[in-house]
Amino acid sequence: MKARIYVTALVVLLVTACKKDKDISADDFSTTSYEMTIPAGFPPMVIPADNPLTVEGIELGHHLFFDPIMSSNGLSCSSCHNVGKAYSTPYRINPMGDTVSVMSLVNLGFQRNFSWTGRLHSTEEVCMGDFEPEFFNTNMDTLRNRLTREAKYKNMFMRAWGDNNFSAMSDMDLKQKIVKSIGQYLRTMVSYNSRFDQFRRHEINLSPTELNGMAIFYTEQGDCFHCHDAPLMTSTLVTNNGLDSMPVGYDRGLYNFTGRPQDDGKFLVPTLRNIELTAPYMHDGRFKTLEEVIEFYNSGVHQTSPNIDPVMTKAGKEFGLMLTAYEKQCLVDFLKAMTDTSFINNPSYQEPD
Amino acid sequence: MKKLALLACIAVVFNACKKDNEEEPAPVANTLNVQLTFNHDGTPVQFDTIMFQQAAGYPMSITRLQFYISNIQLIKEDSTLVDISDYQYVDAREATTHAFKLTLPVTGHFVGLKLQLGLDSAHNISDALPALSEHQNMAWPEMMGGGYHFMKFEGQYVDSTGTFGYAMHVGTNPYLVDCVIPAHFNLTTGNNTIGLSMNVNEWFKNPAIYDFNIDGNYSMGVMAAMMKLKQNGIDIFSKQ
């Protein structure tokens, strides 16, 4: 599997390298379909009908992802989705002054809900928000000028979209081409090779403490599996995990967008893939370490939080999971087995030359 | 005029010959469209609002209702059974899962339906179902027996001390729920439609009252709780 992805990346490079040497006009515009390899046991990838994966679109999205060219404040996508942090970042402050923990980017092509409140339903929809003042504060005229000046982007836009006449593109057209390209690139970021994945494929065994942690994770003792099910390690649904007895402000989650009482305190269940690398934790980064997270589930869940997920209120666990110090350490060890170093180090997901 | 008559005659003969040589059209399969609805003692289910009276007396809401239906069988008048389905995933919150079309191998008069709520042992094996998110979200951990949740039925209930969650999760082979739906109906050639309605409160009564504060507000892995739900589940469906 790993070899196949590297080979695919190589093909992408070769195809695009060959095309770079000649000027491409709209007349001979054609794209190369990108054949996505879905790891065994993964659900079908959700690819919008109007944005199929192409080698050229992915290449453009890859370059744009790491480039501050779209922003008026020096930010790029990679500023907040940092490679070394599994494409997350510890904190950002939103316009309301709330501390927000930036979600990691992994296996997004398999998700149906996005952002901490799960109210967005495609990577394109997420990326479209990045032009706003809260993020890139994009000046579209400046962006057009920058793109026009860069031969690299003139060629890449022509190859990906058959159009590089930026001055003639409407704001929405240009934004659509950009978010579709980045959306394609994000869908190629597939993680399937953590030690836990290898264990599930019967390729390796886990350590005794990792196995103990898995037993806690996958039984009623810890009951983590209901929300963090394999292979994505997230249900990709929104829920209230009892963080606050009475959520206020940003902590009200989806309620802030729907106004529906039943959405109070609900946030998207984040993936546990690469969770070791994405501290701090929860939507507001309130927990600095995995140990703090587990202690929350062990003894800190607010059982009276409105709309708390029913699986969090099991009778007999009113006082928490009652895990011993050793059991908590085993759970941490198991969570760290979900780190996928081959994903983090994959050159296809690093800053391009 | 004579020429025209001759031409018409030739055309008639030609077409007649042609018809004899045409293959018989493939017989159109008879089908049964199953349409599911959900009620609480007759009141259509609405989600997320504490508006129902649970059989043990608690005001309750419903936040999630997901399950599998397997092995739908028609009961003929001589009590023999006709198999008409494999398995179907149903999410009561997702209207697209409420209707499904089955091929009907026989037509005639029937005196009822049988079905199982859950997955039979041939399908209730971890990762046996297609790798789709809806199935993966129903996984029942290997360490607890493997396979899939047969049902997730969740919400909140109120007692004299406060509001609490309940999670009626049923799974593992011994707790596959056998449902019987007595009803006389005819199925004819062509397309047929049958409506089945689940009375969710039947999970909590007949033959035994299920009390969240006595039997447990969380059933997964609790054999006595799952057995009571299985026994109550026999009459959860009725024909509409």
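Residues numbered from 1 in each chain as written. Chains lettered and ligands numbered in written order. Predicted model: local features only at pLDDT ≥ 70, side-chain atom pairs only at ≥ 80, totals over all residues. Heavy atoms only, no water.

S.K.: Could you give me a rundown of the overall build of chain A, with the residues and numbers involved?
M.R.: Looking only at helices and strands, chain A features 13 helices and 4 strands. Principal-axis analysis of the C-alpha atoms gives chain A an extent of 70 × 45 × 30 Å. Accessible surface, chain A: about 15,000 Å² in total, of which carbon and sulfur atoms supply 56%. Averaging the coordinates of the 32 positive side-chain charges in chain A and doing the same for the 42 negative ones gives two points 2 Å apart. (Helix = DSSP H or I, 4+ residues; strand = E, 2+ residues; numbered from the N terminus. Areas by Shrake-Rupley, 256 points an atom, 1.4 Å probe, with all protein chains shown as cover. Lys, Arg positive; Asp, Glu negative; His and termini not counted. Charge placed at Lys NZ, Arg CZ, Asp CG, Glu CD.)

S.K.: Kindly report on the overall build of chain B, identifying the contributing residues and their values.
M.R.: Helix and strand content of chain B: 4 helices and 14 strands. Across the 240 residues in chain B, those meeting the buried criterion constitute 50%. Within chain B, contacts between residues separated by at least 24 positions form 70% of all contacts whose residues are at least 6 apart in sequence. Entry remark: accessible area of chain B is about 11,500 Å², with carbon and sulfur atoms responsible for 56%. (Buried < 20%, exposed > 50% of the residue type's maximum accessible area, 1.4 Å probe, protein only. Contact = heavy atoms within 4.5 Å.)

S.K.: Could you give an account of the confidence of the model for chain A, with specific residues and numbers?
M.R.: Should pLDDT be low for a region, the predicted coordinates there are not to be read in detail. Scored by pLDDT, chain A comes out at a mean of 92, with 93% of its residues at no less than 70. Confidence over residues 17-21 of chain A falls short of pLDDT 50; this stretch has 7 contacts with residues more than four positions distant or in other chains. (pLDDT = per-residue confidence, 0-100.)

S.K.: Which residues make up the environment of Thr37(B), and what values do they have?
M.R.: Residue and element names in this part refer to chain B. Within the fold, Thr37 resides in strand β1 (residues 31-40). For Thr37, a relative accessible area of 37% corresponds to the partly exposed category. In this structure, the C-alpha to C-alpha distance between Thr37 and Ala99, residues 62 residues apart in sequence, is 9.2 Å. Contacts of Thr37, omitting those with residues within four sequence positions, involve Leu196, Ser197, Met198 and Gln240.

S.K.: Account for the packing of aromatic side chains, with residues named and values stated.
M.R.: Applying the stated criterion across every chain yields a total of 33 aromatic pairs over all chains. With a centroid separation of 5.2 Å and an interplanar angle of 70°, the aromatic rings of Phe217(A) and Phe334(A) are classed as edge-to-face. Here Phe217(A) is found in helix α9 (residues 208-217), whereas its partner Phe334(A) is found in helix α12 (residues 325-336), with 117 residues between them in sequence. With a relative accessible area of 1%, Phe217(A) lands in the buried category. Centroid distance Phe38(B) to Phe67(B): 6.1 Å. Interplanar angle 70°. Geometry classified as edge-to-face. (Phe/Tyr/Trp six-rings, centres within 6.5 Å; stacked < 30°, edge-to-face > 60°.)

S.K.: Break down the state of the cysteines for me, with residues and values.
M.R.: Residues and elements named next belong to chain A. A complete count under the given rule lists 0 disulfides over all chains for this structure. Unpaired in terms of disulfides, Cys77 finds its nearest cysteine sulfur in Cys127, a separation of 6.1 Å. For Cys77, a relative accessible area of 7% puts it in the buried group. Between Cys330, a free cysteine, and Cys224, which holds the nearest cysteine sulfur, the sulfur-to-sulfur gap is 13 Å. On the basis of relative accessibility, which here comes to 1%, the residue Cys330 falls in the buried class. (Disulfide = S-S within 2.5 Å.)

S.K.: An account of the pattern of salt bridges is needed here, citing residue identities and associated values.
M.R.: All names here are of chain A. A full pass over the atoms with the stated rule returns 21 salt bridges over all chains. When the shortest N-O distance is used, the salt bridge between Lys314 and Glu220 registers 3.5 Å. Of this pair, Lys314 sits in the loop between α11 (290-300) and α12 while Glu220 sits in the loop between α9 and β3 (238-239), placing them 94 residues apart in sequence. The two residues Lys314 and Glu220 agree in class, both being buried. Its salt-bridge partner being Arg286, residue Asp251 comes within 3.5 Å of it at the nearest N-O pair. Taken together, the positions of Asp251 in the loop between β3 and α10 (255-258) and Arg286 in the loop between β4 (267-268) and α11 put the pair 35 residues apart, joining distant regions of the chain. A residue is classified by how much of its surface remains accessible, and Asp251, at 17% relative accessible area, is buried. Taking relative accessible area as the criterion, Arg286 reaches 23% and is therefore assigned partly exposed. (Salt bridge = Lys/Arg side-chain N within 4 Å of Asp/Glu carboxyl O.)

S.K.: Help me get a handle on the interface of chain B and chain A, residues and values and all.
M.R.: Contacts between the two partners involve 24 residues from chain B and, on the opposite side, 29 residues from chain A. Together, the buried faces of chain B and chain A total about 2,000 Å²; carbon and sulfur atoms form 53% of this surface. On the chain B side of the interface with chain A, the three residues burying the most area are Gln136(B), Met143(B) and Tyr218(B), jointly 29% of the side's total. Joining chain B to chain A, the criterion identifies 9 residue pairs in polar contact (both at pLDDT 80 or more). Counting residues per element, the ones that place at least two in the side of chain B that touches chain A are α2 (133-136), β10 (149-159) and β11 (162-171) of chain B. Tallying contributions element by element places β10(B) first for the side of chain B that touches chain A, with 5 residues. (Buried area = accessible area lost by both parts, 1.4 Å probe. Polar contact = N/O pair within 3.5 Å; in protein donor to acceptor, adjacent residues only side chain to side chain.)

S.K.: Describe helix α7 (residues 171-187) of chain A, naming the residues involved and giving the relevant values.
M.R.: Counted at 1.5 Å a residue, the expected span for α7(A) with its 17 residues is 24 Å, and the 24 Å between its end C-alpha atoms agrees. Counting buried positions along α7(A) gives 13 out of 17 residues, so the element sits mostly inside the fold. (Expected span 1.5 Å × (residues − 1).)

S.K.: Describe in detail the environment of Met45(A), supporting the description with residues and values.
M.R.: Residues and elements named next belong to chain A. Considering the arrangement of structural elements, one finds Met45 in the loop between α1 (2-20) and α2 (55-65). Residue Met45 is classed as buried on the basis of its relative accessible area, which comes to 13%. Considered as a pair, Met45 and Arg187 are 142 residues apart in the sequence and their alpha carbons are 8.2 Å apart. Setting aside anything within four residues of it in sequence, one finds Met45 in contact with Met36, Ile38, Gly109, Phe110, Arg187 and Val190.

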